[in-house]
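# Remarks on the overall topology
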Amino acid sequence: APTEDTLVQMEQLAELEEESESWDNSEAEEEEKGPALPEGAEGRELTKCPAESSLLSDCGAWQPRKLSVFKSLRHMRQVLGAPSFRTLAWHVLMGNQVIWKSRDSDLVHSAFEVLRTMLPVGCVRVIPYSSQYEEAYRCNFLGLSPHVQIPPHVLASEFAVVVEVHTATRSSLHAVGCESEQPLSKYEFVVTSGSPVAADRVGPTILNKMEAALTNQNLSVDVVDQCLVCLKEEWMNKVKVLFKFTKVDSRPKEDTQKLLSILGASEEDNVKLLKFWMTGLSKTYKSHLMSTVRSPTALEPRN
C-alpha cells in the first residue's frame, strides 16, 4: 500500500497539473489581449514553485543543490552541536516555525532539504528564501536574508526558533576532524527561541529514537535514512488511529486518553506532535474515512 507521503505527493502533483492546465487555458483564451496575462501567470508560477515544490521531488526548482552544504541530519548535528540540534529538531517536529537567516541562500536551501526529512510530506510548507518575514500559517520553514527584521512577538514566541548564520571569526569554531565540513568552517550558527528546550526535557519519543540512530556510528547515513522512514510511518499510523478515534468516531476525552496511553503517546510533547502530524494526512485517507457509513450493528461489539 502507498504510504501517506506518497499519497500526499500524488495529490499535490495533481493539483499543480490542474493549475498549470488552467493557466494554459486562460493564456490561450486571452492571447489576443497582449502579453500582460501570460507574464503575470509566469510570475505566479515562479513564485509558487519553490513553496509548492518543497513537497514534491518532481519540481526542478527545489532539487537539492549539487554542492549541498548540509549532507545529512547527522552532518547537521555535528555542525550545530548536539544541544542546538536537539532544540532545532524539537521545534521542527512540533510544527513550530523554523527561521534561518543567512546571506547564503544555498546553505538555507540545503538546511531545509535535510530538516524536512524529519516530517511527513503533508506537514512541510517552505518559503526557501524571502526578502520579508512571512507569517507562520504560510510556512513552517522560512529562509530570510540577514537584513530582514523579524517581528518582536515572533522572536519572543515559544512557537518559533531562529537559526542565525554569521561569518565565523576563526576556523576552529567547529568540531575538528571533518574535512567534508570545509564549506561550513567559515560560518557560526546561533540557535535561539522564545522557549528554549530544557536539557532534561524528555521530548517526543520519535526525537529520542532519531537521536539514538544519529549517534550510533555503526549505522551508515543510508541506514539512518531508512530508520527515519520507518519511524515516520510508525507515528503516522498512530496519527491515523487518533484521527479515526477523535474525528470520525467522536469518542469522549477519557477514551482518547486511554488510547494515547495504549499508543505510547500520552506525554504532552507526543500529543502535540500527533495533532500537528494529523494536518499532514492525505485528503484521500481522510475522505475515505469520513465517507464510510457505519452500520448500526458495527457499534454493538464495542464492549
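Residue numbers run consecutively from 1 along every chain, following the written order of its sequence. pLDDT decides what is reported in this predicted model: residues at 70 or higher carry local features, side-chain atom pairs at 80 or more are listed and counted, and totals for whole chains, interfaces and linings draw on all residues regardless. To get the side-chain values, all heavy atoms of the structure are used, and hydrogens and water are removed first.

An unreviewed UniProt entry lists the protein under the name Folliculin, with Bos taurus as the source organism. UniProt positions are given in the numbering used here, feature names are shortened, and annotations may be inferred rather than shown by experiment. In its Sequence similarities (unreviewed entry) section, the UniProt entry covering the protein states "Belongs to the folliculin family."

### Details of the overall build of the protein
Within the protein one finds eleven helices and five strands. The 303 residues of the protein split such that 43% are buried. Within the protein, residue pairs in contact and separated by at least 24 positions form 70% of the contacts whose partners lie at least 6 positions apart. A run of H or I in DSSP becomes a helix once it reaches four residues, and a run of E becomes a strand once it reaches two; helices and strands are each numbered from the N terminus. Only protein chains enter the calculation, and the probe is 1.4 Å; a residue is then buried if its accessible area is under 20% of its type maximum, exposed if over 50%, and partly exposed in between. Residues count as neighbours in contact if any of their non-hydrogen atoms are within 4.5 Å of one another.

### Some details on helix H4 (residues 82-94)
An expected span of 1.5 Å times one less than the residue number is assigned to each helix. The end-to-end C-alpha separation of H4 is 18 Å, in line with the 18 Å expected for 13 residues at 1.5 Å each. Burial analysis of H4 places ten of its 13 residues in the buried class, which makes it a mostly covered element. Directly after H4, the chain includes Gly-95, whose backbone phi takes a positive value near 85 degrees.

### Some thoughts on the packing of aromatic side chains
The pairing test for Phe, Tyr and Trp rings, Trp by its six-membered ring, is centres within 6.5 Å, and the orientation test on the planes gives stacked under 30 degrees, edge-to-face over 60, and tilted for anything in between. Tallied over the entire structure, the rule returns five aromatic pairs. With a centroid separation of 5.8 Å and an interplanar angle of 75 degrees, the aromatic rings of Phe-70 and Trp-100 are classed as edge-to-face. Of this pair, Phe-70 sits in the loop between helix H2 (36-53) and helix H3 (73-80) while Trp-100 is found in strand S1 (residues 97-101), placing the two residues 30 residues apart along the sequence. With respect to class, Phe-70 is no different from Trp-100; both count as buried.

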